Amino acid sequence: MTGIVEVDVHGMNQIQAQIAIDTALRRANASVYRIRIIHGYTHNTILRDMVQYKYRNHPKVKRIAPGSNPGQTDLILRELF
């Protein structure tokens, strides 16, 4: 794992998505600075909202940023300068 890790959760329910994201956060070593959550955007915003609410105060997450498209959310673990 290096740099950006992608976790594709679209098509999952909230519990399945949370397990996948929690696993990625646990496995993230020092070389991972961003976890990109691919949740989709065409049907509803349940997964996006869950990611933004559930992980906003997670100890490994410095901040949450919108991804490069509306179907993604990035969990920033550390800043690159």
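Keep in mind that what you see is a predicted model, and the values were worked out from it rather than measured. (Residues numbered from 1 in each chain as written. Predicted model: local features only at pLDDT ≥ 70, side-chain atom pairs only at ≥ 80, totals over all residues. Heavy atoms only, no water.)

Before going further, it helps to spend a moment on the side chain of Asp74. Among the secondary structure elements, Asp74 is positioned in strand 4 (residues 72-76). Accessibility expressed as a relative area gives 2% for Asp74, which makes it buried. Separated by 2.8 Å, the side chains of Asp74 and Arg34 make a polar contact. In this structure the side chain of Asp74 is engaged in a polar contact, spanning 3.0 Å, whose partner is the side chain of Arg36. (Helix = DSSP H or I, 4+ residues; strand = E, 2+ residues; numbered from the N terminus. Buried < 20%, exposed > 50% of the residue type's maximum accessible area, 1.4 Å probe, protein only. Polar contact = N/O pair within 3.5 Å; in protein donor to acceptor, adjacent residues only side chain to side chain.)

What follows concerns the pairing of strand 2 (residues 32-38). When you tally the buried positions in strand 2, you get five out of seven residues, the bulk of the element. Of the pairings in the sheet, the one linking strand 1 (residues 3-8) to strand 2 comprises six bridges and is parallel in character. Within strand 2, the residue paired with Val5 across the bridge is Ile35. One crossover worth recording links strand 1 to the parallel strand 2 by way of helix 1 (residues 14-27), and it is right-handed. With five bridges joining them, strand 2 and strand 4 adopt antiparallel strand pairing. The residue bridging Ile37 from the neighbouring strand is Thr73, located in strand 4. (Pairing = 2+ DSSP bridges. Right-handed = clockwise from strand over helix to strand, strands pointing away.)

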